[in-house]
Amino acid sequence: MPDYFYSLVDSTPILLKQLTVCSFEVISESEKINGRSISEYIRDYLTLDIDINRLFPSGFSEHYPELWKLLSGYFSLRILRQDFFETLITFMCAQGIGMHLIRKQVTMLCHTFGEKRSILFNGKSITLYSFPTPLSLAEADIVMLSRCTNNNRIRATNISRAARSFMDGALDPELLRNPHLPLPELRSMLCRNPGIGYKIADCIALFGLGRFDAFPVDTHVKQYLAYWFHSSNALKPLSPVRYLELDCEARTILNPDMAGYAGHLLFHCWRREIKKLRTF
DNA sequence: CGCCAGGACATTT
DNA sequence: AAATGTCATGGC
């Protein structure tokens, strides 16, 4: 019995049937996702154009043989080209708390402000909720929004403001998506929004803008930089200046143009193999 | 009970 | 520029 995963992609319900470790069959009732054919969309969404062999610099496997053995189990892991607004709001929910609470917040946001959709699977209907539209969050009542953000009023206010900035064009993904925009500049543009610091800005760039050079440094990344790459900087507490130093350091270890994509493999390898965490 | 979770921000030294 | 407090809550 193969594994099935159901999900909403750009508000379109799809079903993924796992064939092998890294191959899926996509099942959907609709012909297109967001105006594009399913296969074309999925290829882009799952970044199948990205060659995994290009992620790590030549000589990396010889330099870190024991790490390479652990890491080889993660070569089928993909970064997704996710929707900008969804990524923006989701990562604004991810400050200083565990994965469990982050997922709870996003789920509650979808249930409260998203639209109900369903997909037929094995004869029974599965109900899913889309991610809230920018308008629905821009108009959301702060108290109701707070109930979705772990009762954190400041976070709810920041999300509300970001949604309004998106609506009025101050936060324009088409502008931010410019591939010639240097990473530091992109980061500072995102950081103008209250509630977004260096780390969240880099996450939005990496997952929501397809900037695979963006390298978010969080508590786990800090830990593996110290443990696997013997970074003395990573042992000290994280400050804004040290964030930029670690970002710079990572680019000497990994390919600068793919540092974030490679870092994501290292991130999950660290969490599962060393920390023994089971949550994705 | 204490500490850590995919941090940001204001305030104090 | 480094340290501390605050926001919040669930899991271990």
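The rules behind the values
Residues numbered from 1 in each chain as written. Chains lettered and ligands numbered in written order. Predicted model: local features only at pLDDT ≥ 70, side-chain atom pairs only at ≥ 80, totals over all residues. Heavy atoms only, no water. UniProt positions renumbered as here; feature names shortened; annotations may be inferred. Near = heavy atom within 4 Å. Polar contact = N/O pair within 3.5 Å; in protein donor to acceptor, adjacent residues only side chain to side chain. Helix = DSSP H or I, 4+ residues; strand = E, 2+ residues; numbered from the N terminus. Nonpolar A, V, L, I, M, F, W, Y, C, P; charged D, E, K, R; others polar. Core = buried A, V, L, I, M, F, W, Y, C linked by side-chain atoms within 4.5 Å. Buried < 20%, exposed > 50% of the residue type's maximum accessible area, 1.4 Å probe, protein only. Domains from an automatic or database assignment. Contact = heavy atoms within 4.5 Å. Axes fitted to C-alpha atoms, helices over the stretch in contact; angles between N-to-C directions. Parallel < 35°, antiparallel > 145°, perpendicular 65-115°, else oblique. Left-handed = near helix turned anticlockwise from the far one by under 90°. Pairing = 2+ DSSP bridges. Lys, Arg positive; Asp, Glu negative; His and termini not counted. Salt bridge = Lys/Arg side-chain N within 4 Å of Asp/Glu carboxyl O. Phe/Tyr/Trp six-rings, centres within 6.5 Å; stacked < 30°, edge-to-face > 60°. Lys NZ or Arg CZ within 6 Å of the ring centre and 35° of its normal.

Looking at an unreviewed UniProt entry, one finds chain A named DNA-(apurinic or apyrimidinic site) lyase, with Chlorobium ferrooxidans DSM 13031 as its source organism. Under the UniProt heading Sequence similarities (unreviewed entry), the note attached to chain A is "Belongs to the type-1 OGG1 family." Recorded in UniProt under Catalytic activity (unreviewed entry), the annotation for chain A is "2'-deoxyribonucleotide-(2'-deoxyribose 5'-phosphate)-2'-deoxyribonucleotide-DNA = a 3'-end 2'-deoxyribonucleotide-(2,3-dehydro-2,3-deoxyribose 5'-phosphate)-DNA + a 5'-end 5'-phospho-2'-deoxyribonucleoside-DNA + H(+)".

Asker: Can you explain the protein's contact with DNA strand C? Please cite residues and give values.
Answerer: Around DNA strand C sit Gly 96, Ile 97, His 100, Leu 101, Lys 104, Asn 150, Asn 151, Asn 152, Arg 153, Pro 237, Val 241 and Arg 242, and that is every residue in its neighbourhood. Near the protein, within 4 Å, the atoms of DNA strand C are sugar or phosphate in 82% of cases. Note that a phosphate oxygen of DNA strand C is positioned 2.7 Å from one of the side-chain N or O atoms of Asn 151. Arg 153 is positioned with one of its backbone polar atoms (N or O) 2.8 Å from a phosphate oxygen of DNA strand C. The leading source of residues in the surface near DNA strand C is helix α5 (residues 99-113), at three residues. Of the residues contributing to the surface near DNA strand C, the split by class is four nonpolar, five polar and three charged.

Asker: An account of the nonpolar core is needed here, citing residue identities and associated values.
Answerer: Counting 74 residues, the largest nonpolar core has Leu 88, Tyr 224 and Phe 229 as its most contacted members. For this core, the leading source of residues is helix α14 (residues 259-274), giving eight residues. Both domains that meet at this core, namely domain 2 (53-78 + 212-280) and domain 3 (84-198), each give it at least three residues. In contact with Tyr 224, other than residues within four places in its own chain, are Phe 215, Phe 229, Gly 263, Leu 266, Phe 267 and Trp 270.

Asker: I'd love a proper account of the packing of helix α10 (residues 183-190) against helix α11 (residues 198-208), names of residues and values included.
Answerer: Contact geometry of α10 with α11 gives a least axis separation of 9 Å together with a crossing angle of 110°. With respect to α11, the element α10 is oriented roughly perpendicular. Handedness of the α10/α11 crossing: right-handed. Seen from α10, the contacting residues are Leu 186, Arg 187 and Leu 190; seen from α11, they are Tyr 198, Ala 201, Asp 202, Ile 204 and Ala 205. Residues of the contact of α10 with α11, tallied by class, amount to six nonpolar, no polar and two charged.

Asker: Describe the pairing of strand β2 (residues 12-20), listing the residues and the values that go with them.
Answerer: Note that strand β1 (residues 4-9) and β2 share six bridges and pair antiparallel. Bridge pairing in β2 places Tyr 6 opposite Leu 15. Turn length for the β1-β2 hairpin, with the two strands adjacent in sequence and antiparallel, is two residues, and the turn residue Asp 10 shows positive phi of about 50°. Where β2 lies against strand β3 (residues 23-28), six bridges are found, and the strand directions are antiparallel.

Asker: Mind laying out the side chain of Arg 155, listing which residues take part and the relevant values?
Answerer: Note that Arg 155 resides in helix α8 (residues 153-168). Of the side chains bearing the opposite charge, Asp 218 lies closest to the buried Arg 155, which forms no salt bridge; the N-O distance is 14 Å. There is a polar contact of 2.9 Å between the side chain of Arg 155 and the side chain of Gln 105. Those residues in contact with Arg 155, other than ones at most four positions away along the chain, are Met 92, Cys 93, Gln 95, Ile 97, Gln 105, Thr 149 and Asn 150.

Asker: Account for the protein's contact with DNA strand B, with residues named and values stated.
Answerer: Not every one of the 23 residues close to DNA strand B is listed here, only the nearest: Met 99, Gly 195, His 220, Gln 223 and Arg 271. When the atoms of DNA strand B within 4 Å of the protein are sorted by group, sugar and phosphate make up 71%. Here His 220 contributes a side-chain N or O atom positioned 2.5 Å from a phosphate oxygen of DNA strand B. Contributing elements (two or more residues each) for the surface near DNA strand B: α11, α12 (219-229) and α14. Broken down by element, the residue count for the surface near DNA strand B peaks at five residues, all from α11.

Asker: Tell me what's going on with the packing of aromatic side chains, and back it up with residues and numbers.
Answerer: Two numbers describe a pair of aromatic rings. These are the distance of the centres and the angle of the planes. Scanning the entire structure with this criterion turns up 20 aromatic pairs. When the ring of Phe 84 is compared with that of Phe 166, the centres are 6.3 Å apart and the planes differ by 20°; the resulting orientation is stacked. On the criterion of sequence distance, the pair formed by Phe 84 in helix α4 (residues 84-92) and Phe 166 in helix α8 is long-range, its members being 82 residues apart. Classification of Phe 166 by relative accessible area gives partly exposed; the value is 22%. Among the aromatic residues, those joined into a ring-pair cluster are Phe 56, Phe 60, Tyr 64, Trp 68, Phe 75, Tyr 224, Tyr 227, Trp 228, Phe 229 and Trp 270. Residue placement shows Arg 187 over the ring face of Tyr 198; its charged tip is 5.5 Å from the ring centre.

Asker: Go over the packing of α11 against helix α13 (residues 240-253), please, and point to the residues and values.
Answerer: Look at α11 against α13: their axes get within 11 Å of each other, and the N-to-C directions meet at 35°. In this structure, α11 uses Tyr 198, Lys 199 and Asp 202 to contact α13, whose residues at the interface are Pro 240, Tyr 243 and Leu 244. The residue inventory of the contact of α11 with α13, partitioned by class, reads four nonpolar, no polar and two charged.

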